Amino acid sequence: MTTSLTFSDTVSGKAEGDVLVVTLNNPPVNAASAELRQGLWRALDHARSDNAVSAVVITGAGKSFVAGADIKEFGKPQVDPTLPAVVEKIEASEKPVIAAINGVALGGGCEIALAAHARIAHSKAKLGFPEVKLGIVPGAGGTQRLPRLVGCLEAVEMIGTGKPVNAEKAFGIGLIGAIAKGDLLSDALALAQSLKGKPVLRTSERIAPRSDQATVQNTIAKITLKAKGQMAPGEAMRLAASASTLSFTQGLSDERETFLRLRDSDQAKALRHVFFAERDAAKVDGLEHVEPLPLNKIGVCGLGLMGAGIATALLSAGYELIGYERDEPAAEAGKARILDILGKNLKSGRIDQADFERQAANLATTAKLRELAPCDLVIEAVFDDMTIKTELFQKLDLVIRSDAILATNTSYLDPDALAAETAHPERVIGLHFFSPANIMRLVEVVRCAQATPQAVATGFALAKKLGKLPIVTGVCEGFIGNSIFSAYRREAEFLLEDGALPQEIDAAMEDYGMAMGPFAVFDLAGLEIAWARRKREAPTRDPEARYVDIADRLCEAGRLGQKSGRGWYSYEAGKRTVDSAVTEMIAQSRAAKGITPRAIASEEIVKRLIGAMADEGKTLLDKAIAARASDIDLVMINGYGFPAYRGGPMFAASR
């Protein structure tokens, strides 16, 4: 006979013979809220005082064990019992406590599991410490208990990167003691029976397995370099590495002090802003109760670099794909390009052989547009020319169903003008992917003027299914991202005329945390696209507006960026070097305008460039192109390399 118990609204208990099974149930993700902590505390008290209980099994409801802290408590006064207190209470139990990890155990959830005296997991479980992604370190003993189980090297990598491990990996490194062979709870109960009457094994009392210190330090150096100025990874790895030299008590004290210090840092505040921004981005006005159309078969027109990347992302998400090109050789080349990407995914371990075969089987390419007829949605990724795109969409009007969605991947062209040339403008949306589309997370979902809410909702849902971050934008030239980037470019060129050099501007922004400085980015992307845009705009440009012609002169001289071996820099043997010819060209341009250059400090460079982005962002908000400032921050972080730990240009400017 089983006896049911209630310890709180989110924690229940059930006696299975002499084992108390405690189930944590705080949907949707089983966060370690105050109520859950209180319920778990009461359950442990009950187990301690009830002589009929000889062991405890802690498990979760649904797909999560405990998926971390409750975000509703961020920035609020702490409520007892704290997570560190609960974790210590678990480990201090004289009766064996078994963590039956049914699903995701992240952050505080992993710390609860570490404090248990034994751990068994479902084969689909994942365990990890993502705290560094919020600018903090584990704060309930994770940096000290994990190394004592898996060694400092594995702990440094897990805690420093924030990447979770699957059950197989967790078992291999000693994080869990077993993977359930049958029913998780049944196996956990059997484990509990085997531990009855034996001394409990407390993780804090273990000695960390030996790790080669040179390898540990090399790993720390690599992760620190990749973190590019973010404080939390370095601090987290320092704490994990210290477990081999400090006592548990000393390490725990250091961890707590570091956690509290980082929790109140500017970086943590910025990363919390980003976290909440992503939640807000999922709430789109006008789509609250709109059901997206079901999608099974999707077409991609144009199988160059961008189209192949989009196709790969679609195949990875399980869709059937029909790729279209202008002729059979181009279609075959496109297919080979897609299969090459899939092959690289297989070789790197991102997919297994079965996934590769399934995705390859879902791929078809054609040079016959009529073969796109069964598609529920078609994405065009052809050359960014209005005439080419218009002709393609008008031909698609004659082929695909009237309720199928047409999506354009244009970066700068007006999708409203494109939609107006089609038979069904209400089904036309923008899906602006970023290259490489199979890797980059951002997708701008463009809400065209005549598009139905269902069409927009379908594009939004598709991006989410692909594992992307969809941000809804209105129509303007360049949408959110390229509008902001154009303002960034303009201000960078103003700084050139005023006295800074490309390498000085790039160094200032890279020190700030940008993945690359602006002029290095311009060279990487190629200068001819922006040049063509400036030439298009020339007839309507305000003659009184400040205009810098240095980039035009570079292009006229054939300096089109990395691909030509020369741009803002020279690229002899592929290495970026400062070019005196560019410095001279800049000096001549200043002289022609009578500008006396001045030394510009890196602080001013950063302030002006962030300010230019924020000013353009405010314009987009005023015009309702962007729904919220945080959406702009997400676009710049996920599409343009803005450091997440700075919070995005709108957040940074507001600080």
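Relevant structure appears above.
Every value quoted in this text rests on a predicted model; they were computed, and no experiment measured them.

Peer 1: Residue-level account of the packing of helix α11 (residues 266–281) against helix α25 (residues 629–640), with values.
Peer 2: To characterise two packed helices, one gives the angle between the axes of the helices and the distance between these axes. Where α11 meets α25, the axes come as close as 9 Å, and the angle between the chain directions of the two elements is 110°. Compared by their axis directions, α11 and α25 come out roughly perpendicular. Seen from α11, the contacting residues are His-273, Val-274, Ala-277, Glu-278 and Ala-281; seen from α25, they are Ser-630, Asp-631, Asp-633, Leu-634 and Ile-637. By residue class, the composition of the contact of α11 with α25 is five nonpolar, two polar and three charged.

Peer 1: Explain the packing of aromatic side chains residue by residue, including any values.
Peer 2: On inspection of all chains with the given rule, the structure shows eight aromatic pairs. The interplanar angle of 80° and the centroid separation of 5.5 Å between the aromatic rings of Phe-434 and Tyr-640 together place this pair among those described as edge-to-face. One end of the pair, Phe-434, is in the loop between β17 (428–433) and β18 (442–446); the other, Tyr-640, is in helix α25, and 206 residues separate them in sequence. An identical accessibility class is assigned to Phe-434 and Tyr-640; each is buried. Through a chain of ring-to-ring contacts, three or more aromatic side chains come together here, namely Phe-434, Phe-485, Tyr-488, Phe-519, Phe-522, Trp-568 and Tyr-640. For the cation-ring pair, Lys-465 lies above Tyr-319, with the distance from its terminal atom to the ring centre recorded as 4.6 Å. Its end group placed over the ring of Trp-531, Lys-535 keeps NZ or CZ at 3.7 Å from the ring centre.

Peer 1: Report on the pairing of strand β8 (residues 118–121), specifying residues and quantitative values.
Peer 2: With burial as the criterion, each face of β8 is covered, one bearing Ala-118 and Ile-120 and the other bearing Arg-119 and Ala-121. Pairing of strand β6 (residues 97–101) with β8, which is carried by four bridges, proceeds in the parallel orientation. Paired with Ala-99 across the bridge in β8 is Arg-119. Where β8 lies against strand β11 (residues 178–179), two bridges are found, and the strand directions are parallel. Bridging from a neighbouring strand, Ile-120 pairs with Ala-178 of β11.

Peer 1: Could you give me a rundown of the state of the cysteines, with the residues and numbers involved?
Peer 2: Across all of its chains, the model carries zero disulfides by this definition. Cys-152 carries a free sulfur, and the closest cysteine sulfur to it, the one in Cys-110, is 16 Å from it. Of the cysteine sulfurs around Cys-301, a residue in no disulfide, the closest is that of Cys-375, at 8.2 Å.

Peer 1: Which residues make up the sheet that holds strand β5 (residues 64–66), and what are the values?
Peer 2: Pairing in this open sheet of four strands is mixed, and the strands run β5-β7-β9-β10 from one edge to the other. At either end of the open sheet lies a strand with only one pairing partner, and these are β5 and β10 (165–166). The pairing of strand β7 (residues 104–106) with strand β9 (residues 126–128) spans three bridges and is parallel. The partner of Val-104 across the bridge, within β9, is Lys-126.

Peer 1: Which residues make up helix α17 (residues 453–465), and what values go with them?
Peer 2: The end-to-end C-alpha separation of α17 is 18 Å, in line with the 18 Å expected for 13 residues at 1.5 Å each. Backbone geometry just after α17 places Gly-467 at a positive phi near 80°.

Peer 1: I'd like a description of the pairing of strand β15 (residues 377–380), backed by residues and values.
Peer 2: By the alternation rule, side chains of β15 split into Leu-377 and Ile-379 and Val-378 and Glu-380, which are all buried. Two strands pair when backbone bridges link them, and strand β12 (residues 297–301) and β15 are joined in this way by four bridges, in the parallel orientation. Bridging from a neighbouring strand, Cys-301 pairs with Glu-380 of β15. As paired elements, β15 and strand β16 (residues 405–408) share four bridges and run parallel to each other. Each bridged residue has a counterpart across the sheet, and for Leu-377 the counterpart in β16 is Ile-405. Handedness of the crossover joining β15 and β16 through helix α15 (residues 386–397) is recorded here as right-handed.

Peer 1: Requested: an account of unusual backbone geometry, with residues and values cited.
Peer 2: Cis geometry is adopted by the peptide bond preceding Pro-28, which originates at Pro-27 and carries an omega value of 10°. Checked against the element boundaries, Pro-28 lands in the loop between β3 (19–24) and α1 (34–49). Asp-80 connects to Pro-81 through a cis peptide bond whose omega is -5°. Of note, Pro-81 is situated in the loop between β5 and α2 (83–92). With a phi close to 60°, Asn-30 is a non-glycine residue in the positive phi region. Inspection of the secondary structure puts Asn-30 in the loop between β3 and α1. For Asn-30, a relative accessible area of 2% gives the class buried.

Peer 1: Help me get a handle on the packing of helix α8 (residues 213–227) against helix α9 (residues 231–242), residues and values and all.
Peer 2: With their axes 9 Å apart at the nearest point, α8 and α9 run at an angle of 165° to one another. Accordingly, the angle class assigned to the pair α8 and α9 is roughly antiparallel. Considering only the axes of α8 and α9, their crossing is right-handed. Here Val-216, Ile-220, Ile-223, Thr-224 and Ala-227 of α8 lie close against α9, whose contacting residues are Pro-233, Met-237 and Ala-241. Of the residues contributing to the contact of α8 with α9, the split by class is seven nonpolar, one polar and no charged.

Peer 1: Tell me about the environment of Asn-26, and name the residues and values.
Peer 2: Structurally, Asn-26 is set in the loop between β3 and α1. Counting along the chain gives 329 residues from Asn-26 to Asp-355, while the straight-line C-alpha distance between them is 33 Å. Apart from the residues lying within four places of it in its own chain, the contact partners of Asn-26 are Thr-10, Ala-31, Ser-33 and Leu-36. Of note is the side chain of Asn-26, whose polar atom sits 2.9 Å from the backbone oxygen of Ala-31.

Peer 1: Explain the pattern of salt bridges to me, using residue names and the numbers behind them.
Peer 2: For the coordinates displayed, the defined rule picks out 42 salt bridges. Notably, a salt bridge pairs Lys-297 with Glu-320, separated by 3.5 Å at the nearest N-O pair. Of this pair, Lys-297 sits in strand β12 while Glu-320 sits in strand β13 (residues 320–324); the two residues are 23 residues apart in sequence, bridging distant segments of the chain. Linking Arg-534 and Asp-552 is a salt bridge whose minimum nitrogen-to-oxygen distance equals 2.7 Å. With a gap of 18 residues between them, Arg-534 in helix α21 (residues 528–537) and Asp-552 in helix α22 (residues 550–556) connect regions that are remote in the sequence. The class of Arg-534 is buried, set by a relative accessible area of 11%.

Thresholds, definitions, all that
Residues numbered from 1 in each chain as written. Predicted model: local features only at pLDDT ≥ 70, side-chain atom pairs only at ≥ 80, totals over all residues. Heavy atoms only, no water. Axes fitted to C-alpha atoms, helices over the stretch in contact; angles between N-to-C directions. Helix = DSSP H or I, 4+ residues; strand = E, 2+ residues; numbered from the N terminus. Parallel < 35°, antiparallel > 145°, perpendicular 65-115°, else oblique. Contact = heavy atoms within 4.5 Å. Nonpolar A, V, L, I, M, F, W, Y, C, P; charged D, E, K, R; others polar. Phe/Tyr/Trp six-rings, centres within 6.5 Å; stacked < 30°, edge-to-face > 60°. Buried < 20%, exposed > 50% of the residue type's maximum accessible area, 1.4 Å probe, protein only. Lys NZ or Arg CZ within 6 Å of the ring centre and 35° of its normal. Pairing = 2+ DSSP bridges. Disulfide = S-S within 2.5 Å. Expected span 1.5 Å × (residues − 1). Right-handed = clockwise from strand over helix to strand, strands pointing away. Left-handed = near helix turned anticlockwise from the far one by under 90°. Polar contact = N/O pair within 3.5 Å; in protein donor to acceptor, adjacent residues only side chain to side chain. Salt bridge = Lys/Arg side-chain N within 4 Å of Asp/Glu carboxyl O.

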